[in-house]
Amino acid sequence: MEKKNTWETYNKTQLKAVDAFAKEYMDFLNKGKTERECVDIIVNMLEKEGYRELEAVRKEGGSLTAGDKVYAVCMNKAIAAFQIGKKPMEEGMNILGAHIDSPRLDVKQNPLYEEGGFAYLDTHYYGGVKKYQWVTIPLALHGVIVKKDGTTVELAIGEAEDDPVFFISDLLIHLAQEQLEKKASKVIEGEALDIIIGNKPILIDQKDAKDKEEKSLGKDAVKQGILRILEEYYGVEEEDFISAELEVVPAGKAREAGLDRSMILAYGQDDRVCAFTSLKAMLEVNAPVRTSCLLLTDKEEIGSVGATGMRSRFFENALAEVMNLAGEYSELALRRTLAASCMLSSDVSSAYDPSYASSFDKKNVAYLGGGIVFNKFTGSRGKSGSNDANAEYLAMLRDVFAKEKINFQTAELGKVDLGGGGTIAYILALYGMNVIDSGVAVLNMHAPHEATSKADVFEAKRGYVAFLKGAEM
Ligand code: MN
Ligand code: MN
């Protein structure tokens, strides 16, 4: 069971390709910090490679045949893409799945308030976060504000070099004696994760206020100042927060990490690392034997709920439309297609961390640089909530990967009974298809900045290409 380090297996040309691929990936991370931003980028990339919008093909009265490429978007947050294969769809598709939402802080619907001379935006955290990691770091504000008239204001403040950033305060160490006695889960409470967005009262900008009434804007003057800026620059008023989706994320770009530049340190790699590598594999494969499918979903971090989460019928509906345009639809054919499909449900895996060695089973953990990861099962407390992939399916995948010399490793999330987690795998498995959890190992998962190995990122894409071309049960 000895495994090579993936880096050792590369020649000079491959090493160059690893770096080039990492650059592309980092660029994707920089531009896609929310699920909406990711969908925008992905649609552009798909269209460049000849993918057409499913809805448009349908409205034109078009049809689909082998080699044709289409995509469908759900509410700007989830996307499914298909490339029709040579074989009938009923014989099954090869599906690459991943999610494009990441842990973050969401701005509440009535968020703006003033306290002690600061203007704040109140937030509710999204997904699993160690709250104490989010204080005192530069934060950016991304998202949309949709006005009553239906117009959308898109925001991304805090990324350009001369943009302002936001932050959450923490108590100075000198006065933190009591705070430091608290449990880590209580050191910073959820309601304390409000971001500071201003400190300057509106009157400072108003030295030449004409009359008394203007000068008396004293109450909540800092908040009033923020509201004035929102109105001037973005044309929005306070009530517009009601129909906004604003996400607070770590500000700044993805960086190479290590003196040897072997790693990538960045926000949102769970699970955009699998989304990007799956997308690139999908774009690389042409004229597949089995229909290729790319499925990038939202809301995984909060249980795959809602219209844009994996539990929604969006994917099934899109597939029904695709089959209809390919002249292959019937209710029975749809069921058969789903049941005969193979899926790699890709999500990040916890990498072995020597500083916390006792949390892992060294034989059954992913190593940074160990290649693409297979998790036969995930879940917690006796595999609960897990999709436990079929042995026969794993055997087929081993064979496909061996033929293409893909470096892979097998892993569990951590030691038995220490915690656990789930992915979208179990939802697709409900159709009776073969699904396995796979993906890329990440160090300090769900932290504001997560680390991956460039070699693993490269290997994941290679693995996904091999899967789309060669998997068949
Ligand atoms: Mn994930
Ligand atoms: Mn996650």
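Whatever comes next refers back to the structure up there.
One structure accompanies this document, and this report is about it. (Residues numbered from 1 in each chain as written. Chains lettered and ligands numbered in written order. Predicted model: local features only at pLDDT ≥ 70, side-chain atom pairs only at ≥ 80, totals over all residues. Heavy atoms only, no water.)

With that settled, consider the overall build of the chain. Across its full length, the chain holds 12 helices and 22 strands. Taken over C-alpha atoms, the radius of gyration comes to 24 Å for the chain, in line with the 23 Å a tight globule of 473 residues would show. Referenced to the eigenvectors of the C-alpha coordinate spread, the extents of the chain come out at roughly 80 × 60 × 45 Å. Going through the 473 residues of the chain one by one, you find that 52% of them count as buried. Sequence-distant contacts in the chain: of pairs separated by 6 or more residues, those separated by 24 or more amount to 76%. Total accessible area on the chain stands at roughly 22,300 Å², and carbon and sulfur atoms take up 51% of it. Within the chain, the 73 negative side-chain charges are centred at a point lying 5 Å from the centre of the 57 positive side-chain charges. (Helix = DSSP H or I, 4+ residues; strand = E, 2+ residues; numbered from the N terminus. Rg over C-alpha atoms; globule rule 2.2 N^0.38 Å. Buried < 20%, exposed > 50% of the residue type's maximum accessible area, 1.4 Å probe, protein only. Contact = heavy atoms within 4.5 Å. Areas by Shrake-Rupley, 256 points an atom, 1.4 Å probe, with all protein chains shown as cover. Lys, Arg positive; Asp, Glu negative; His and termini not counted. Charge placed at Lys NZ, Arg CZ, Asp CG, Glu CD.)

This paragraph deals with the coordination of the manganese ion (ligand 2). Summarising the metal site, the manganese ion (ligand 2) is bound by the protein donors D270 (OD), E301 (OE), E301 (OE) and H446 (NE2), whose distances to it range over 2.1 to 2.5 Å. We note that the donor set of the manganese ion (ligand 2) lies within a single chain, spaced as D-x30-E-x144-H. Between the manganese ion (ligand 2) and the manganese ion (ligand 1) the interatomic distance comes to 3.2 Å, and D270 is a ligand of both metals. With a gap of 31 residues between them, D270 in helix α7 (residues 269-284) and E301 in the loop between β13 (291-297) and α8 (314-325) connect regions that are remote in the sequence. As far as burial versus exposure is concerned, D270 and E301 are alike and both buried. (Donors = N, O, S within 2.8 Å, 3.2 Å for Na, K, Ca; no water.)

To continue, consider the sheet that holds strand β9 (residues 195-198). Taken together, the six strands give an open sheet; going across it, the order is β8-β7-β10-β5-β6-β9, and neighbouring strands pair in antiparallel fashion. This sheet does not close on itself; its edge strands, each paired only once, are β8 (152-157) and β9. Each strand axis lies, on average, 30 degrees off the axis of its neighbour in the sheet, ignoring direction. Across six bridges, strand β7 (residues 139-146) lies against β8 in antiparallel orientation. Bridged to V144 within β8 is E154. Taken strand by strand, helix α2 (residues 35-48) contacts β5 (104-115), β7, β8 and β10 (244-250), and its axis lies near 100 degrees from that of β8. Its contacts with the sheet place helix α6 (residues 221-234) against β5, β6 (118-126), β8 and β9, and it is angled at close to 125 degrees to β5. (Pairing = 2+ DSSP bridges. Axes fitted to C-alpha atoms, helices over the stretch in contact; angles between N-to-C directions.)

Before going further, it helps to examine the packing of aromatic side chains. Considering all chains together, one arrives at 16 aromatic pairs under this definition. Aromatic pair F21 and F458: ring centres 6.1 Å apart, planes at 75 degrees, arrangement edge-to-face. With F21 in helix α1 (residues 12-31) and F458 in helix α12 (residues 454-470), this pair connects stretches of sequence that are 437 residues apart. With centroids separated by 5.8 Å and ring planes inclined at 70 degrees, the aromatic side chains of Y352 and F360 adopt a geometry described as edge-to-face. You'll find Y352 and F360 in the same group, each marked buried. An aromatic cluster is defined as three or more aromatic residues linked by ring pairs; in this entry it consists of W7, Y10, F21, Y25, F28, F276 and F458. Lying across the ring of F377, K383 places its NZ or CZ 4.0 Å from the centre. The side chain of K461 reaches across the aromatic face of F21, ending 5.6 Å from its centre. (Phe/Tyr/Trp six-rings, centres within 6.5 Å; stacked < 30°, edge-to-face > 60°. Lys NZ or Arg CZ within 6 Å of the ring centre and 35° of its normal.)

What follows covers the side chain of T297. For T297, the position within the fold is in strand β13. Residues in contact with T297, not counting those within four places in the same chain, are K77, A78, A98, H99, I100, D101, T308, M310 and I424.

Strand order in the open sheet formed by nine strands is β1-β2-β3-β13-β4-β14-β20-β16-β18, and the pairing between neighbours is mixed. The sheet is open, and its two borders are formed by β1 (52-53) and β18 (408-410), each paired with just one other strand. Relative to the sheet, α7 contacts β3 (78-83), β4 (93-99), β13, β14 (342-346) and β20 (434-439), its axis offset from that of β4 by approximately 150 degrees.

So, about the coordination of the manganese ion (ligand 1). The protein atoms that coordinate the manganese ion (ligand 1) are H99 (NE2), D270 (OD), D347 (OD) and D347 (OD), at distances spanning 2.1 to 2.5 Å. As a motif over one chain, the donors of the manganese ion (ligand 1) read H-x170-D-x76-D.

For the structure shown, the criterion picks out two cavities of 30 Å³ or more. As for the largest cavity, its lining consists of A78, L295, T297, A307, T308, G309, M310, S312, F314 and F315. In terms of residue class, the lining of the largest cavity is built from six nonpolar, four polar and no charged. Each pocket or cavity is described by its volume, and for the second largest cavity that value is around 30 Å³. Around the second largest cavity, the lining residues are S102, P103, Y267, G268, D270, H446, A447 and E450. (1 Å grid on protein atoms, 1.4 Å probe; cavity = no way out; pocket = protein on both sides within 12 Å on 5 of 7 lines; lining within 4 Å. Points joined across faces, edges and corners; volume = space filled by probe spheres on them. Nonpolar A, V, L, I, M, F, W, Y, C, P; charged D, E, K, R; others polar.)

A separate point is the pairing of β4. The side chains of a regular strand alternate, residue by residue, between the two faces of the sheet. Within β4, seven of the seven residues are buried, which leaves it mostly tucked inside the rest of the structure. Every second residue of β4 is oriented toward a common face, with M93, I95, G97 and H99 on one face and N94, L96 and A98 on the other, all of them buried. Sheet analysis places β4 next to β13, joined by seven bridges and oriented parallel. When the bridges of β13 are listed, A98 appears paired with L296. Judged from the four bridges that link them, β4 and β14 form a sheet pairing that is parallel. Paired with G97 across the bridge in β14 is S345.

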